[in-house]
Amino acid sequence: MENTVDLKAFNQLFTDYQGRFIRFANTYVHDMAVAEDFVVEALLYYWENRHFLKNKSNIPAYILTIIKHKCLNHLQHIQVREVVAEKMKNYAEWELNTRIATLEACEPYELFTAEAQEIVDRTLNELAEQTRRIFLMSRYQNKSHKEIAGELGVTTKNVEFHITKALKLLRHNLKDYLPFFLIFFG
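Below is a summary of the structure that appears in this document.

In this structure the tally under the stated criterion is five salt bridges. The closest approach of N and O atoms between Glu 95 and Arg 99, which form a salt bridge, is 2.9 Å. Placement of the pair is Glu 95 and Arg 99 together in helix H3 (residues 59–105), with a separation of four residues, close to one helical turn. Under the relative-accessibility criterion, Glu 95 is labelled partly exposed at 27%. Two residues, Arg 132 and Glu 129, come together in a salt bridge whose shortest N-O distance is 2.6 Å.

In structure tokens:
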């Protein structure tokens, strides 16, 4: 008999307050489905715990307090999500700006030239001393084959042999940098 009386009282409470509770919740959450869910959850919570709440005389106020806390938790959760989303957006924007600035500052020709120069330096260090010396005199000091031969006391054919030997090794090591090689050592 007590359950029937409780159920009738609950149905009356639901009928009398459901619309008001939903409007209250929707005022804050701006989502009718969420507002309705909160009201139903609050009413169910009350129903499940009614025996522990006998001394609560203002049941609608109690249920409205539950709805208030659900709305508050919901809004705080949205606020946290938006703060995190803003931080992620700011980081993504910073990262994109950094990539743009880095790419704008990048000079492929300088990178390419530096890499090629490193290969040239390494290759020249691999050459025999006489070959390297003759090649450097030819390409870096702009001396003719005859001038080099005269300074070193060798024949011009010998100078040509060492230069050809150096160019062959450079051509092989710089195969990926052929345009650079042709411009500077051709």
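What follows deals with the packing of aromatic side chains. According to the stated counting rule, one finds four aromatic pairs in the structure shown. Taking 5.0 Å as the distance between ring centres and 50° as the angle between the ring planes, the aromatic pair formed by Phe 10 and Trp 47 counts as tilted. Of this pair, Phe 10 sits in helix H1 (residues 2–29) while Trp 47 sits in helix H2 (residues 32–48), and the two are 37 residues apart along the sequence. An angle of 35° between the planes, with centres 5.7 Å apart, marks the rings of Tyr 91 and Trp 94 as tilted.

Let's shift gears to the packing of helix H5 (residues 129–139) against helix H7 (residues 156–173). Where H5 contacts H7, the two axes come as close as 9 Å, and the packing angle between them is 90°. When the interaxial angle is binned, H5 and H7 end up roughly perpendicular. Residue-level inspection shows Gln 130, Thr 131, Ile 134, Phe 135, Ser 138 and Arg 139 of H5 in contact with H7, the latter providing Asn 158, Val 159, His 162, Ile 163, Lys 165, Ala 166, Leu 167 and Leu 170. When the residues that make up the contact of H5 with H7 are grouped by side-chain class, the tally is seven nonpolar, five polar and two charged.

Rules behind the numbers
- Residue numbers restart at each chain and count upward from 1, following the sequence in its written direction.
- In view of the model being predicted, local features appear only for residues whose pLDDT reaches at least 70, and side-chain atom pairs are presented and counted only at 80 or more, with totals across whole chains, interfaces and linings using the full set of residues.
- Values shown for side chains rest on all heavy atoms present in the structure; no hydrogens or waters enter the calculation.
- Each salt bridge in this description consists of a side-chain nitrogen of Lys or Arg and a carboxyl oxygen of Asp or Glu lying within 4 Å of one another.
- Counting from the N terminus, the helices are DSSP H or I runs at least four residues long and the strands are E runs at least two residues long.
- Each residue's exposure class comes from its accessible area (1.4 Å probe, protein chains only) as a fraction of the maximum for that residue type: buried when under 20%, exposed when over 50%, partly exposed otherwise.
- Side-chain rings of Phe, Tyr and Trp, where Trp is taken by its six-membered ring, are said to pair if the distance between their centres is within 6.5 Å; with planes under 30 degrees apart they count as stacked, over 60 as edge-to-face, and otherwise as tilted.
- Axis lines are fitted through C-alpha atoms, for helices just across the contact stretch, and the angle between N-to-C directions can take any value from 0 to 180 degrees.
- To sort the angles, those under 35 degrees are grouped as roughly parallel, those over 145 as roughly antiparallel, those from 65 to 115 as roughly perpendicular, and the leftovers as oblique.
- Should any heavy atoms of two residues lie within 4.5 Å, those residues are considered in contact.
- Three classes are used: nonpolar for Ala, Val, Leu, Ile, Met, Phe, Trp, Tyr, Cys and Pro, charged for Asp, Glu, Lys and Arg, and polar for all others, with Gly counted as polar.

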